[in-house]
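So the chains spell out like this:
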Amino acid sequence: MKRALWLALPLLAACGSTPPPAPPPPDETLGRAARAGRLALELDRPAEAARLYATALNRARERDDTAAIGDAGIGLAAAQLVRPSPAAALTTSREVQAELLRRNAAIPDALRLVEALALYRGGDLAGAQQVAAGIGTEDPDVALRAWFLRGLIAAARTDQAALAEARAALGTPERRAFRADAEELAAAAALAQGDLPEARRLATAAATLRREGLDYRGLARALALEAEAARRQGEIHTAADLLLRAGRSAASRNEFPEARRWLQQAETLAREARAPEIANAARRALRDMAERERDARA
């Protein structure tokens, strides 16, 4: 009897301790599309990334997976922003936010940041400021990016107090991208205060960090900032050359509004500086860009 009881103990123990259920199997179609979209963004292929993230978002909706909808929505809106198509990014970010709210789910700060960036690049500074100011500290990286955006908005509005606040909020970060943000805001602050040599030094430092980090949009912006400081110092030829470089960089990424503004400024300053080679290069770049715009609309 005792032996029979002893033999039954393993069975009794098994009955009394049910193993935890296995996690649900992942959706490999969804996972592959999201991973491929992320890789495409890292390789600077925003159109491909947008297509892949759209597939992931559709699959997440088919799966009725709230978290996956939020993640894929962030990726799609970010790809549309880089493409660049700020209007599409704004639509996507707001549609996904509304969907998450209907599901009583929290809105990720990253999704709010994409919305704020889309508003900023679409020219709605007030709207961008309002959204960026509401971004919390859920993700420290997103919070730093929001402060950087608030600094850019403050610089555009010549609000020195808000610009100083944003620069202070960034502190002295170690990571290259955030150091570049801090240097750029410091350059903008120096420019606003009339310290032109310091503004040029900081803008050059920001441009170097952007180049090392493969952030060519930020690089073009830093070149334009340096150009403005050079122009105010009376170095018109240098300013024209810097604006030509910034405009060509922006045009190569189809960022037409910024490219057009910088190339037109480069041509104007080049004529003033009697630098026909720069003026001619700026005109050619404007002409090539206009052809690409026509092709894109066709």
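Here's a quick rundown of the structure. (Residues numbered from 1 in each chain as written. Predicted model: local features only at pLDDT ≥ 70, side-chain atom pairs only at ≥ 80, totals over all residues. Heavy atoms only, no water.)

## Some words on the nonpolar core
Burial of nonpolar side chains together is a common tendency in soluble globular proteins. Grouped together as the largest cluster of nonpolar side chains are 33 residues, with contacts concentrated most on L243, L244 and W262. Only α11 (196–212), α12 (216–232), α13 (236–252), α14 (256–272) and α15 (276–297) provide two or more residues apiece to this core. A total of nine residues in this core trace back to one element, the largest contributor, which is α13. Among residues more than four places away in sequence, those in contact with L244 are L263, A266, I278, A281 and A282. Membership of the second largest hydrophobic core comes to 26 residues, among which are A118, A182, A188 and A189. (Core = buried A, V, L, I, M, F, W, Y, C linked by side-chain atoms within 4.5 Å. Buried < 20%, exposed > 50% of the residue type's maximum accessible area, 1.4 Å probe, protein only. Helix = DSSP H or I, 4+ residues; strand = E, 2+ residues; numbered from the N terminus. Contact = heavy atoms within 4.5 Å.)

## A word on the environment of A220
With respect to the helices and strands, A220 occurs in helix α12. For A220, the contacting residues outside a window of four places in its chain are A246, S249, R253 and W262.

## Comments concerning helix α10 (residues 176–192)
Taking 1.5 Å of rise per residue, 17 residues should cover 24 Å, and α10 covers 24 Å from first to last C-alpha, within 8% of that figure. Judged by how many residues are buried, α10 sits mostly within the fold: 12 of 17 residues are covered. Every buried residue of α10 is listed here: F178, A180, D181, A182, E184, L185, A186, A187, A188, A189, A190 and L191. In the core, the buried residues of α10 are packed alongside α8 (140–156), α9 (160–170), α11 and α12. G194 sits one or two positions beyond α10 and adopts a positive phi of about 85 degrees. (Expected span 1.5 Å × (residues − 1).)

## Some words on the environment of E267
When you line up the elements, E267 lands in helix α14. Along the sequence, E267 and R232 sit 35 residues apart, while their C-alpha atoms lie 17 Å from each other. Beyond its immediate sequence surroundings of up to four residues, E267 is in contact with A279, A282, R283 and L286.

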